[in-house]
Amino acid sequence: MAFVLTEGQAADSPQFVPVLKKVRVRGPVGRPRVRPDAVAADKAYSSRGNRAHLRGRGIRAVIPQKADQAANRKKKGRGGGRPVRHDIDLYKERNTVERLINKLKAWRGIATRYDKTPGSYLAGLHLRASMIWIKELA
């Protein structure tokens, strides 16, 4: 749906909001929506900032809480707030993203980062994603 390139060793979590700003959800008719109903992500994206951004835009967060975050919340007692809820069944669908990443990396040029410029690497990502999409339609 959207790609954002970062430096080689950069963490994924700070790119959550920039990627979400680029996502366009197309339904069967009408223009693409910029606000999905829900976002499913793994525990790495379970920060207060990411949850606040989703809550501010009215998007349901399907992100489990890290064990240390839950322990810190419980340690604060009533001042720690309510426990984080997420839809377990919808969270199970997150594996489609993981499978797509594996399909993208099956292409050697993407997996090994042979392209030296960001533009050509991004073009390769778009090309590979298009090939996967066309194959899924057939």
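Cut-offs used in this document
- Starting from 1, residues in each chain are numbered consecutively following that chain's sequence as written.
- A pLDDT threshold of at least 70 governs which residues receive local features in this predicted model, and a stricter bar of 80 or more applies before side-chain atom pairs are shown or counted, although totals over entire chains, interfaces and linings include all residues.
- Calculated side-chain values reflect all of the structure's heavy atoms, with hydrogen atoms and water omitted.
- In this analysis, rings of Phe, Tyr and Trp, with Trp reduced to its six-membered ring, are considered paired at centre separations within 6.5 Å, and the interplanar angle assigns stacked below 30 degrees, edge-to-face beyond 60, and tilted for intermediate values.
- The helix count covers DSSP runs of H or I at least four residues long, the strand count covers runs of E at least two residues long, and both are numbered beginning at the N terminus.
- For every residue, the accessible area obtained with a 1.4 Å probe (protein chains only) is divided by the maximum for its type, and the residue is called buried under 20%, exposed over 50%, and partly exposed between those limits.
- Only lysine NZ and arginine CZ atoms are considered, and such an atom sits over a ring when it is within 6 Å of the ring centre and within 35 degrees of the ring normal.
- Definition used for salt bridges: Asp or Glu carboxyl oxygen within 4 Å of a side-chain nitrogen of Lys or Arg.
- Only residues whose relative accessible area exceeds 30% and that form no salt bridge enter a patch; like-charged residues are grouped when within 9 Å of one another, and nonpolar side chains (Val, Leu, Ile, Met, Phe, Trp, Tyr) when within 5 Å.
- Note on areas: Shrake-Rupley, 1.4 Å probe, and residue coverage restricted to the protein chains presented here.
- Note on definitions: the grid is 1 Å and covers protein atoms alone; a cavity is a set of points where a 1.4 Å probe fits but cannot get out; a pocket is an open set with protein on both sides within 12 Å along at least five of seven lines; lining residues have an atom within 4 Å of a point.
- Grid points are joined across faces, edges and corners, and a volume is the space filled by probe spheres set on the points.
- Gly counts as polar in this scheme, as do all residues outside two lists: the nonpolar Ala, Val, Leu, Ile, Met, Phe, Trp, Tyr, Cys and Pro, and the charged Asp, Glu, Lys and Arg.
- Should any heavy atoms of two residues lie within 4.5 Å, those residues are considered in contact.

Under the criterion given, the structure shown has one aromatic pair. An angle of 40 degrees between the planes, with centres 5.7 Å apart, marks the rings of Phe16 and Tyr45 as tilted. Of this pair, Phe16 sits in helix 1 (residues 16–22) while Tyr45 sits in the loop between strand 1 (38–40) and helix 2 (48–57); the two residues are 29 residues apart in sequence, bridging distant segments of the chain. Accessibility classification places Phe16 together with Tyr45 in one group, the buried group. Of note, Arg113 hangs over the ring of Tyr121, and the distance from its end group to the ring centre comes to 4.1 Å.

According to the stated counting rule, one finds four salt bridges in the structure shown. A salt bridge links Lys103 to Glu136; its shortest N-O distance comes to 3.0 Å. With a gap of 33 residues between them, Lys103 in helix 5 (residues 95–105) and Glu136 in helix 7 (residues 118–137) connect regions that are remote in the sequence. Classification of Glu136 by relative accessible area gives exposed; the value is 51%.

On the surface, Trp107, Leu127 and Met131 cluster together into a nonpolar patch covering about 270 Å² of accessible area. Secondary-structure assignment places Trp107 in the loop between helix 5 and helix 6 (108–111). Among the residues examined, Trp107 registers a relative accessible area of 32% and is labelled partly exposed.

So, about the layout of surface pockets. Space inside the second largest pocket adds up to approximately 870 Å³. Contributing to the lining of the second largest pocket are 24 residues, with Arg51, Arg55, Arg82, Pro83 and Val84 lying nearest its centre. Mapped by element, the contributors of at least two residues to the lining of the second largest pocket are helix 2, strand 2 (60–62) and helix 3 (67–75). Here the residues of the lining of the second largest pocket are counted per class, giving six nonpolar, nine polar and nine charged.

This part is about the side chain of Arg73. Tracing the sequence through the fold places Arg73 in helix 3. Among residues more than four places away in sequence, those in contact with Arg73 are Gln65, Gly80, Gly81, Arg82 and Pro83.

Another aspect to go through is the environment of Tyr114. Tracing the chain through its elements places Tyr114 in the loop between helix 6 and helix 7. Accessibility expressed as a relative area gives 48% for Tyr114, which makes it partly exposed. Taking the C-alpha atoms as reference points, Tyr114 and Ile132, separated by 18 residues in sequence, lie 20 Å from one another.

These figures come from the coordinates and say nothing about function on their own.
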